[in-house]
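# Architecture and fold: a report
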Amino acid sequence: MENVLVTGGAGFIGSHFVKRILAAENVARVTVLDALTYAGHIETLGAAFLSPRLAFVHGNILDAQLVDDLMARHSMVVHFAAESHVDRSFAAASTFLSTNVTGTHTLLDAAMRHGTQRFVHVSTDEVYGPLVEGTATEESPLRPSVPYAASKAASDLIALSYFHTYGLPVCVTRSSNNYGPHQHPEKVIPRFITRLQSGEPVTIHGRGEHTRNWLHVEDNCAGIDAVLRGGTPGEVYNLGGGTDLTTRELTDHLLQICGKTWDAVTYIPDRPANDVRYSIDSSKAAAQLGYRPERRLEDGLAETADWYRRNPDRWAPLMRSPDPGGVLTASGGR
Ligand code: NAD
């Protein structure tokens, strides 16, 4: 039976993952380590927060003593904690570097000392940077173009260096853009849904031709779980959703789901460093781990919109989060 330490487990993806592994037969205890930044809320854990098999530690991954104490009592680590919003990284890159790079290193160092059996570092397809054509495989060069992606690329390389240097059994997952219930309304899908449901307009940067691959959060968690159980140490696994959409195509889906027309949309000049296209090849995870995203985009978006409609008490207070660079008041972005 395993004791699993989940960092960032009160955030969007981490909370879904915690609920998933609490149901696993071979997991004895799950400890969530989360600093509860503007992006973390224990409410996202729902009933899981009350489980006798869950321990919640309010703390920072940069706290080396705390991390060392926790690592001594856990055989597996799944590391989600990060500053995750690209637009915020334009205004506050130093926080991204300290949490995403130094914080990851703090965890790795403790894991190495305590002989952790498995360390899954959760990363992003944004480390590959923009692709004009084709898809990124795990062998593709890392060409991040924004501070968020650069900080994640740095953390990926440090994580893999702990495998090569010390033999720490690290795996890295790189997923595409996630969506689903409990995502912070600063991200594009919940922001568009909540604005459209409130009768407010949404704005699209540039001509709306930026392309992203959309993955339901539960499919990402299933992929991360597969990597935790069966990934080969030292390997990277892309986890894509199989649905590439331009911002215009995504907006069209959301307008239909929310019963609105293109009259609700205005266009604004593109922002700097808005990567034109991401696309990843997940065939390695499919072949080696049986990874298969199951959620149809139309179903996942409709279910997500329904969750935001039914739970204004969960997302409306988040609109009062600290807002460097006006990321909550602008309505494009990702
Ligand atoms: P999120 O912003 O919703 O959650 C991040 C969590 O980390 C929050 O609970 C926050 O309180 C916690 N945290 C932040 N700094 C911390 C610190 N110093 N110490 C301890 N806890 C801290 O993020 P998310 O969207 O759930 O993303 C989770 C991970 O997945 C991140 O590593 C992100 O880079 C990666 N990822 C996200 C997406 C996506 O579309 N959301 C896509 C690919 C990869």
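Residues numbered from 1 in each chain as written. Predicted model: local features only at pLDDT ≥ 70, side-chain atom pairs only at ≥ 80, totals over all residues. Heavy atoms only, no water.

### A word on the site of the ligand
Around the ligand, the surrounding shell holds 28 residues, and the nearest of these are I13, D34, S84, Y148 and K152. Taking Y148, its side chain carries an N or O atom lying 2.7 Å from an oxygen atom of the ligand. Expressed as a share of its isolated accessible area of 840 Å², the protein-covered part of the ligand is 96%. Those elements that place two or more of their residues in the shell around the ligand are helix 1 (12-22), strand 5 (118-124), helix 5 (147-166) and strand 7 (177-179). Ranked by residues supplied to the shell around the ligand, first place goes to strand 5 with three residues. Considering only residue class, the shell around the ligand consists of twelve nonpolar, 14 polar and two charged. (Near = heavy atom within 4 Å. Polar contact = N/O pair within 3.5 Å; in protein donor to acceptor, adjacent residues only side chain to side chain. Areas by Shrake-Rupley, 256 points an atom, 1.4 Å probe, with all protein chains shown as cover. Helix = DSSP H or I, 4+ residues; strand = E, 2+ residues; numbered from the N terminus. Nonpolar A, V, L, I, M, F, W, Y, C, P; charged D, E, K, R; others polar.)

### Some remarks on the side chain of H121
Position of H121 relative to the elements: it lies in strand 5. Looking at H121, the relative accessible area reads 0%, which means it is buried. For H121, the side chain forms a polar contact with the side chain of S155, separated by 3.0 Å. Within the local environment of H121, its side chain forms a polar contact with the side chain of D156, the two groups lying 3.1 Å apart. When near neighbours in sequence (up to four residues on either side) are disregarded, H121 contacts H79, T104, K152, S155, D156, A159, C171, V172 and T173. (Buried < 20%, exposed > 50% of the residue type's maximum accessible area, 1.4 Å probe, protein only. Contact = heavy atoms within 4.5 Å.)

### As for empty space enclosed by the protein
By the definition in use, this model includes two cavities of 30 Å³ or more. If you add up the space inside the second largest cavity, you get close to 50 Å³. As for the second largest cavity, its lining consists of Y179, W214, L215, H216, D219, G241, T243, P293, R295 and L297. The biggest single contributor to the lining of the second largest cavity is strand 9 (residues 211-216), with three residues. Classifying every residue of the lining of the second largest cavity gives five nonpolar, three polar and two charged. (1 Å grid on protein atoms, 1.4 Å probe; cavity = no way out; pocket = protein on both sides within 12 Å on 5 of 7 lines; lining within 4 Å. Points joined across faces, edges and corners; volume = space filled by probe spheres on them.)

### Some remarks on the pattern of salt bridges
Inspection of the entire model under this criterion finds 15 salt bridges. Salt-bridge contacts for R113 lead to D68; the nearest nitrogen and oxygen are separated by 2.8 Å. Pair noted here: R113 is in helix 4 (residues 93-114) and D68 is in helix 2 (residues 64-71), with a separation of 45 residues, a long-range link. Given a relative accessible area of 47%, R113 falls into the partly exposed group. A salt bridge links D306 to R309, with the shortest nitrogen-to-oxygen separation between them at 2.4 Å. On the criterion of helical spacing, the pair formed by D306 and R309 is a turn pair, its members being three residues apart in helix 10 (residues 297-310). A cluster of three or more residues bridged by salt bridges with shared partners is formed by R20, D225 and R229. (Salt bridge = Lys/Arg side-chain N within 4 Å of Asp/Glu carboxyl O.)

### Some words on unusual backbone geometry
The phi angle at L36 is positive, at roughly 50°, despite the residue not being glycine. Assignment of secondary structure puts L36 in the loop between strand 2 (27-34) and strand 3 (54-58). On the basis of relative accessibility, which here comes to 28%, the residue L36 falls in the partly exposed class. You will see that H182, though not glycine, has its phi angle at about 75°, which is positive. In this structure, H182 sits in the loop between strand 7 and helix 6 (188-197). Residue classification places H182 among the buried residues on the basis of a relative accessible area of 16%.

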